[in-house]
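Examining the three-dimensional arrangement
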Amino acid sequence: DTEVTQTPKHLVMGMTNKKSLKCEQHMGHRAMYWYKQKAKKPPELMFVYSYEKLSINESVPSRFSPECPNSSLLNLHLHALQPEDSALYLCASSSRTSGGSDTQYFGPGTRLTVL
Amino acid sequence: DAKTTQPNSMESNEEEPVHLPCNHSTISGTDYIHWYRQLPSQGPEYVIHGLTSNVNNRMASLAIAEDRKSSTLILHRATLRDAAVYYCILRDKSSGSARQLTFGSGTQLTVLP
């Protein structure tokens, strides 16, 4: 099974709402990633988790809060978002936690709209 | 990671080969060359990667120039399902920790029936 699943597929939220995005993989991968992709742009990294510990935070605003409760699961908690945060949020995982030959497997993304 | 340069867009006819170029003139000796593609409304998908030698897999072939300053992704028979944005990405093999993919702007491939 080389699948990364993400839920929900679509999410519409107001600026005062709190919501969470969920990502799951059962490939035994120990590195997991959150990327953000605006329309017609390439994905940009938000966070990297390695062995369930946050290893990279690309200066993401605190209204985005990642969590890795176990090696298969990655969450992104959202609070007080702005309309400009509307984007496709992609989760990925990889088996290697170092080196340059690792392959990242991406989920289909959650399409987020902030009203 | 070193930078790559790709054409913004390319067109191909269905069932013909497609050669997608990538320039990476500042590549270092420890950089792997990776290709990913993103089909419409989907997450990126790994295609192939290599270090020095040409590589083949079920999806594509990767031809790497002798000086490694450029590479070409070859789709042997393009289908309509190959229409996607193709990203060429360099990754340092000496990296000691999990690191992100740094996506450039990629090449939008259009396949004509």
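All values reported here derive from a predicted model rather than from experimental measurement. (Residues numbered from 1 in each chain as written. Chains lettered and ligands numbered in written order. Predicted model: local features only at pLDDT ≥ 70, side-chain atom pairs only at ≥ 80, totals over all residues. Heavy atoms only, no water.)

Observations concerning the side chain of Ser71(B)
Residues and elements named next belong to chain B.
- The topology assignment puts Ser 71 in strand S7 (residues 70-75).
- Among the residues examined, Ser 71 registers a relative accessible area of 2% and is labelled buried.
- A polar atom in the side chain of Ser 71 sits 2.9 Å from the side chain of His 24.
- Non-local contacts of Ser 71, meaning those with residues more than four positions away in its chain, are made with Leu 20, Pro 21, Cys 22, His 24, Ile 33, Trp 35, Leu 62, Ala 63, Ile 64 and Cys 88. (Helix = DSSP H or I, 4+ residues; strand = E, 2+ residues; numbered from the N terminus. Buried < 20%, exposed > 50% of the residue type's maximum accessible area, 1.4 Å probe, protein only. Polar contact = N/O pair within 3.5 Å; in protein donor to acceptor, adjacent residues only side chain to side chain. Contact = heavy atoms within 4.5 Å.)

Quick notes on unusual backbone geometry
- A cis amide bond, omega -10°, links Thr7(A) with the succeeding residue Pro8(A).
- Secondary-structure assignment places Pro8(A) in the loop between strand S1 (4-7) and strand S2 (10-13).
- Residues other than glycine seldom take positive phi values, yet Glu52(A) does so here, at roughly 65°.
- Relative to the helices and strands, Glu52(A) resides in the loop between strand S5 (44-50) and strand S6 (53-57).
- Residue classification places Glu52(A) among the partly exposed residues on the basis of a relative accessible area of 29%.
- A positive phi angle, near 60°, is found at Ser41(B), a position not held by glycine.
- In this structure, Ser41(B) sits in the loop between strand S3 (31-38) and strand S4 (45-50).
- Note on Ser41(B): relative accessible area 71%, which makes it exposed.

Regarding the pattern of salt bridges
Residue and element names in this part refer to chain A.
- Throughout the structure, instances matching the rule amount to eight salt bridges over all chains.
- Put simply, Arg 30 and Glu 52 hold a salt bridge, and the shortest N to O gap is 2.6 Å. Taken as a pair, Arg 30 in the loop between strand S3 (18-25) and strand S4 (31-37) and Glu 52 in the loop between S5 and S6 lie far apart in primary sequence, 22 residues in all.
- A single network of salt bridges, built from pairs that share partners, joins Lys 36, Arg 63 and Asp 85. (Salt bridge = Lys/Arg side-chain N within 4 Å of Asp/Glu carboxyl O.)

A short note on the state of the cysteines
- Counted under the stated rule, the structure contains two disulfides over all chains.
- The disulfide partner of Cys23(A) is Cys91(A), and the S-S distance across this bridge is 1.8 Å. Classification of the bridge connecting Cys23(A) and Cys91(A) rests on its S-S torsion, roughly -70°, and on that basis the disulfide is left-handed. With Cys23(A) in strand S3 and Cys91(A) in strand S9 (residues 87-94), this residue pair connects regions lying 68 residues apart in the sequence. No difference in accessibility class separates Cys23(A) from Cys91(A), as the two residues are buried.
- Note on cysteine connectivity: Cys22(B) is disulfide-linked to Cys88(B), with sulfurs 2.1 Å apart. Between Cys22(B) and Cys88(B) the sulfur-sulfur dihedral comes to about -85°; the bridge is accordingly left-handed. (Disulfide = S-S within 2.5 Å.)

Let's talk about the environment of Ser86(A)
- Tracing the chain through its elements places Ser86(A) in the loop between strand S8 (73-79) and S9.
- Look past the residues within four positions of Ser86(A) in its chain and what remains in contact with it is Lys38(A), Leu112(A), Thr113(A) and Val114(A).

Geometry only, nothing functional implied.
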